[in-house]
Amino acid sequence: MDEYNNIVIAGLWNKYVFTAEWDKKFLFQGDEVEVEFPLDPNSSERVSSKELRINIEGQRLCIVCRKQEDPIFLSAKEIAIKIADYVPHTPVSAFGINFKLAQSLTVELIKKLTMPDNDNIKSIYGTISNTQVSRQMNLDGAILTVRQDITSENVEFNFNFHFPVISLLDVKEKLSAIDILKLKLDSLKYLETIYDLKLGE
């Protein structure tokens with residue numbers, strides 16, 4: 001699966017802070033990093049270690065796990081908390097924790113995912129090449145959005161756990177209390193309960 005933003009913090013970020021030199025010194029403990037320069041003038045340098053990638057995209061600070069592995073998820077959380085410590089006065093409004101899980105379509109899964117109006121649409125327009133379905137649920141202190149991207153061959157489930165905040169101190173406190181691996185397990189449990197999919201095995 002392609003890389004994606006595992007942790008995003010929305011705020012008025014100063015992209016000039018997040019240089020390769022700064023990231024390497026304060027976030028990556030001096031580890032060697034790769035640097036990519038942006039084409040978008042509103043983005044920062046994209047700085048990557050072997051495990052993580054960090055950059056500013058407009059008003060979003062994005063942390064990418066280059067491999068979807070539990071220890072790297074935990075490292076991403078630690079990096080986000082460090083950032084909250086180093087630039088505490090940056091105005092922020094929310095942060096999100098994201099997971100993507102993909103599955104090839106089977107006959108049984110197609111039955112569960114098929115929308116009731118599919119046949120009517122196909123009778124007029126022919127084949128449906130892509131379907132997106134988004135559902136939003138209110139959790140305790142968070143909003144969970146689950147989006148399905150369905151093609152003719154597979155379905156990708158995108159889980160976004162959205163947490164409103166008022167400051168980076170708020171980010172630090174909430175993120176410190178969150179068990180990010182439990183959120184991943186909750187995502188897997190959702191698929192198992194609703195669609196009888198056991199993707200974590």
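Definitions and limits used
- Residues numbered from 1 in each chain as written.
- Predicted model: local features only at pLDDT ≥ 70, side-chain atom pairs only at ≥ 80, totals over all residues.
- Heavy atoms only, no water.
- Pairing = 2+ DSSP bridges.
- Helix = DSSP H or I, 4+ residues; strand = E, 2+ residues; numbered from the N terminus.
- Axes fitted to C-alpha atoms, helices over the stretch in contact; angles between N-to-C directions.
- Contact = heavy atoms within 4.5 Å.
- Buried < 20%, exposed > 50% of the residue type's maximum accessible area, 1.4 Å probe, protein only.
- Parallel < 35°, antiparallel > 145°, perpendicular 65-115°, else oblique.
- Nonpolar A, V, L, I, M, F, W, Y, C, P; charged D, E, K, R; others polar.
- Phe/Tyr/Trp six-rings, centres within 6.5 Å; stacked < 30°, edge-to-face > 60°.

### Considering the sheet that holds strand 3 (residues 46-48)
Logical step 1: One open sheet holds the 9 strands; their spatial order is 2-3-4-5-1-6-9-8-7, and the pairing between them is antiparallel. Here the strands that pair on one side only, and so sit at the sheet edges, are strand 2 (34-36) and strand 7 (131-139). Recorded for the sheet is a direction-independent mean angle of 15° between the axes of neighbouring strands.
Logical step 2: Inspection of the sheet shows strand 8 (residues 142-150) paired to strand 9 (residues 154-164) by 8 bridges, in the antiparallel sense. Of the residues in strand 9, the one forming a bridge with D149 is E156.
Logical step 3: With respect to the sheet, helix 2 (residues 70-86) is in contact with strand 1 (5-11), strand 4 (52-57), strand 5 (60-65) and strand 6 (92-104), its orientation differing from that of strand 5 by roughly 155°.

### Points about the side chain of S187
Logical step 1: Relative to the assigned elements, S187 resides in helix 6 (residues 180-195).
Logical step 2: Assessed through its relative accessible area of 1%, S187 is described here as buried.

### A few points about unusual backbone geometry
Logical step 1: With a phi close to 60°, D196 is a non-glycine residue in the positive phi region.
Logical step 2: Tracing the backbone shows D196 in the segment after helix 6.

### Some thoughts on the packing of helix 2 against helix 6
Logical step 1: Where helix 2 contacts helix 6, the axes come no closer than 9 Å and their chain directions differ by 125°. Of the possible angle classes, the one that applies to helix 2 and helix 6 is oblique. For the pair helix 2 and helix 6, contact is made by D70, F73 and L74 and by I180, L181 and K184, respectively.
Logical step 2: Looking at the contact of helix 2 with helix 6, its residues break down into 4 nonpolar, no polar and 2 charged.

### Side note on the packing of aromatic side chains
Logical step 1: Counted according to the given criterion, the structure contains 11 aromatic pairs.
Logical step 2: Judged by centre distance (5.5 Å) and plane angle (40°), the rings of F157 and Y195 are tilted. Residue F157 is found in strand 9, and its partner Y195 is found in helix 6; the two are separated by 38 residues along the sequence.
Logical step 3: Take Y195: its relative accessible area is 7%, and that puts it in the buried class.
Logical step 4: Consider the rings of F159 and Y190, whose centres lie 5.5 Å apart with planes at 85°: the pair is edge-to-face. Here Y190 lies in helix 6 and F159 lies in strand 9, a separation of 31 residues in the sequence. For the pair shown, F159 and Y190 are each scored as buried.
Logical step 5: A network of ring pairs unites the aromatic residues W13, F18, W22, F26 and Y86 as a single cluster.

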